[in-house]
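Residue strings, one per chain:
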Amino acid sequence: MKKNRTRVVCTALAVVSLAALALAGSASAKLVGAFTVFQQCPYTNPEANRCIYSVTEGGEVVLGNKKVPIVNPVTLQGGYTTAVAEFSKLVAATNGITLSKAAQPVPGGLAGIVPDASSPALVKALIKFFFENSLTGVNSTLELAKPVNEVMLSELHLAEEEEVALKMPAKFHLENPFLGKSCFVGSSTSPVMLELTTGTTSPPAPNTAIKGSGGEFEFLEEGRVLRTKNNELVDNAWSAPAASGCGGILSFLVNPIINAQIGLPAAKGKNTAILKGTTTIATALAVKKNNENNP
Amino acid sequence: MKRKATSVFGTVALVALVISAVFAGSAGASPVWKFNGTELSGSEVVVGGALESSMTIPGLTTKCANFLYKLKVSNSAGLGKGEVTEVPLYNCTTNSAACTVKTIAAESLPWLSKLSTVSAKNYIVIEGVKVAILYAGEECVLGGTLVTVKGSAGGLVDNTVETATFNSTTLTATGTELKALGQKIEWNGVFPTEAFEWHREQALTVS
């Protein structure tokens, strides 16, 4: 009797496991070939006319007087609408991670951000407190400052290497135990407005013009997928507001330190963003069909 | 005295000739349009249709079964010139199952042209080329996108078969390029040249 019961339990477990597997299978996309990168594209959303998967693999962000190289890949994914006046609105990725939060180490860490020992006593105390903390590294993470549909993309400008190709309201999250969890440069009310181009910038001084690149085009899947490698989106004409929320309850003390050391707020012409990477685009319908044709 | 003066004059003339020959050589000879071996005076209209023609961005080739042109040619100051006044394009397709060509049209006509000689070969160089292509197809990644081909193109003139051939070699030789979507594109085309007005059925050569 006991043996029989064990067998029933085992069978039931096996059935449950199989059912779970089957459900998992039906819920996940079955994209193949060059379409596999569009797993998180909202291709069933009627608003999404195209799917995009763009990985920034290198480049740098100069915020005030701090240069942060991009060493960890940043992914921008989701869909975008049909263009109106040459610009499309981004549609959020199905997993909600439209812009991946890839932390970039700030060279020098906090030592590179906080002032030296000639600072006032309170600041010195803070520095001491800080350096007693073994976690001195600081990460900077690019995040969206506004809803995804406020990110605008012009595929025409992206390809033609002219005018603005990507408008992105952003904020930089500075992370370190000392800085707390809410240390940002930029916010939803005062975002860093990146207006990236694959063409040539015309920033105010002291920055000078820099050139982006549309990259090398390649059509895949019989013209259904377009991949551009080595593209370079640049903007060095944006302004950055002062940091806020740094140091938690001590923010009234820490914010000015961070601002003084980074050089914030930084006017237009003092900041730079260079994003180098690979972008893959397809129509939402092509992605949907690829999914349907590969059960 | 008179003989000496003649001798000096002759030497000067010879030196001048040599110098002018050297300059002509370094600048490249100036080829002109000729019909039945005679340099064209006035103007002539040359027409033709591509024997074959295709434009390729890596992975996507666009072909037109009917790629016609009308070129008004003339010689000016010892140099062959011209104006491409009409380029009707019909029956265009792509090598993609997903993409079709909805519309295609030459823009900003006339396109100016001139003859030039590079490494002893004669070329026709067309400047200000502009062709707008609207691709279609629900699954085509360029569907609904207006792609504009812009730039200049140099084609090798072959007097023996009376054609102008455009390909990556001739574009490189003439220092010309065509771009679309910010990319340098490949254009291959062989165009017969035939007089349409006063010199109809006469051999058209460039030298």
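Residues numbered from 1 in each chain as written. Chains lettered and ligands numbered in written order. Predicted model: local features only at pLDDT ≥ 70, side-chain atom pairs only at ≥ 80, totals over all residues.

Participant: For the overall build of chain A, give the residues involved together with the corresponding values.
Facilitator: Regarding its fold elements, chain A presents five helices and 14 strands. Within chain A, the fraction of its 295 residues that count as buried is 43%. In chain A, of all internal contacts separated by at least 6 residues, the share reaching a separation of at least 24 is 72%. (Helix = DSSP H or I, 4+ residues; strand = E, 2+ residues; numbered from the N terminus. Buried ≥ 20, exposed ≤ 12 C-beta atoms within 10 Å, placed from the backbone. Contact = placed C-beta atoms within 7 Å.)

Participant: Summarise the sheet that holds strand 17 (residues 204-206) of chain B; cite the residues concerned and give the values.
Facilitator: Residue and element names in this part refer to chain B. Here we have three strands laid out as an open sheet, ordered 2-1-17, and antiparallel in their pairing. With one partner strand each, in any of the chains shown, strand 2 (38-39) and strand 17 form the two edges of the open sheet. Where strand 1 (residues 33-35) meets strand 2, two bridges bridge the pair, whose relative direction is antiparallel. In the sheet register, Phe35 faces strand 2, and the bridge partner there is Thr38. (Pairing = 2+ DSSP bridges.)

Participant: Which residues make up the confidence of the model for chain A, and what are the values?
Facilitator: With 82% of its residues at a pLDDT of 70 or more, chain A shows a mean pLDDT of 87. Under a pLDDT of 50 for its full length, residues 12-27 of chain A has, in the predicted model, zero contacts with residues more than four places off or in other chains. (pLDDT = per-residue confidence, 0-100.)

Participant: Can you tell me about helix 5 (residues 284-292) of chain A, naming the residues and giving the values?
Facilitator: All names here are of chain A. Most of helix 5 sits inside the fold, with seven of its nine residues counted as buried. Buried within helix 5 we find Ala284, Leu285, Ala286, Val287, Lys288, Asn290 and Asn291. Its buried side turned inward, helix 5 meets strand 1 (50-63), strand 3 (74-80) and strand 14 (272-283).

Participant: Describe the environment of Asn91(B), listing the residues and the values that go with them.
Facilitator: With respect to the helices, strands and loops of the structure, Asn91(B) is situated in strand 7 (residues 89-94). It is 6.2 Å that separates the C-alpha atoms of Asn91(B) and Asn66(B), two residues lying 25 residues apart in sequence.

Participant: Requested: an account of the interface of chain A and chain B, with residues and values cited.
Facilitator: Every contact between the two is made by 19 residues of chain A and, on the other side, 18 residues of chain B. For the side of chain A that touches chain B, the elements supplying multiple residues, two or more each, are helix 3 (155-160), strand 11 (216-220), strand 12 (225-235), strand 14 and helix 5 of chain A. Sort the elements by how many residues they give to the side of chain A that touches chain B and strand 11 of chain A lands first, with four residues. Its residues assigned to classes, the side of chain A that touches chain B comprises ten nonpolar, three polar and six charged. (Nonpolar A, V, L, I, M, F, W, Y, C, P; charged D, E, K, R; others polar.)

Participant: Outline the nonpolar core, listing residues and values.
Facilitator: Grouped together as the largest cluster of nonpolar side chains are 122 residues, with contacts concentrated most on Phe38(A), Cys51(A), Val185(A), Leu196(A), Ala243(A), Ala282(A) and Val287(A). Ranked by the residues each element gives to this core, the list is headed by strand 10 (residues 121-136) of chain B, at eight residues. Residues contacting Val287(A), with those up to four places away along its chain left out, are Leu31(A), Phe35(A), Phe38(A), Cys41(A), Tyr43(A), Cys51(A) and Ala282(A). (Core = buried A, V, L, I, M, F, W, Y, C linked by C-beta atoms within 7 Å.)

Participant: I'd like a description of unusual backbone geometry, backed by residues and values.
Facilitator: All names here are of chain A. Note that the residue after Ala205, namely Pro206, is joined by a cis bond; omega there is 10°. As for its position among the elements, Pro206 is in the loop between strand 10 (192-196) and strand 11. Positive phi outside glycine occurs at Glu86, with the angle close to 75°. Looking at where Glu86 falls in the secondary structure, it is placed in the loop between strand 3 and strand 4 (88-91).

Participant: How would you summarise the environment of Ala170(A) if you had to cite specific residues and measurements?
Facilitator: All names here are of chain A. Positionally, Ala170 belongs in strand 8 (residues 166-175). With 21 C-beta atoms packed within 10 Å, Ala170 lands in the buried category. Spatially, the C-alpha atom of Ala170 lies 5.0 Å from that of Val192, the residues being 22 residues apart in sequence. Setting aside residues up to four positions removed in sequence, Ala170 forms contacts with Leu142, Glu143, Leu144, Ala145, Gly186, Pro191, Val192 and Leu194.

Participant: Requested: an account of the pairing of strand 3 of chain A, with residues and values cited.
Facilitator: Residues and elements named next belong to chain A. Burial within strand 3 is extensive, with six of its seven residues counted as buried. Judged from the two bridges that link them, strand 3 and strand 4 form a sheet pairing that is antiparallel. Bridging across to strand 4, Gly79 finds its partner in Val91.

Participant: So what's going on with the environment of Tyr90(B)? Which residues, and what values?
Facilitator: Residues and elements named next belong to chain B. Among the secondary structure elements, Tyr90 is positioned in strand 7. A residue is classified by how many C-beta atoms lie within 10 Å of it, and Tyr90, with 11 of them, is exposed. Excluding anything up to four places from it in sequence, Tyr90 contacts Cys64, Ala65 and Asn66.

Participant: Could you give me a rundown of the pairing of strand 8 of chain A, with the residues and numbers involved?
Facilitator: Residues and elements named next belong to chain A. Taken together, the six bridges between strand 6 (residues 139-144) and strand 8 define a ladder with antiparallel strand orientation. Looking at the pairing, Leu144 lines up with Ala170 of strand 8. Across two bridges, the pairing between strand 7 (residues 152-153) and strand 8 is antiparallel. Among the inter-strand pairings, Met152 is bridged to a residue of strand 8, identified as Lys167. Sheet topology places strand 8 next to strand 10; five bridges connect them, and they run antiparallel. Residue Met168 lies in a different strand from strand 10, and its bridge partner there is Leu194. When strand 8 meets strand 9 (residues 184-185), the two strands line up antiparallel, connected through two bridges. Bridged to Phe172 within strand 9 is Val185.

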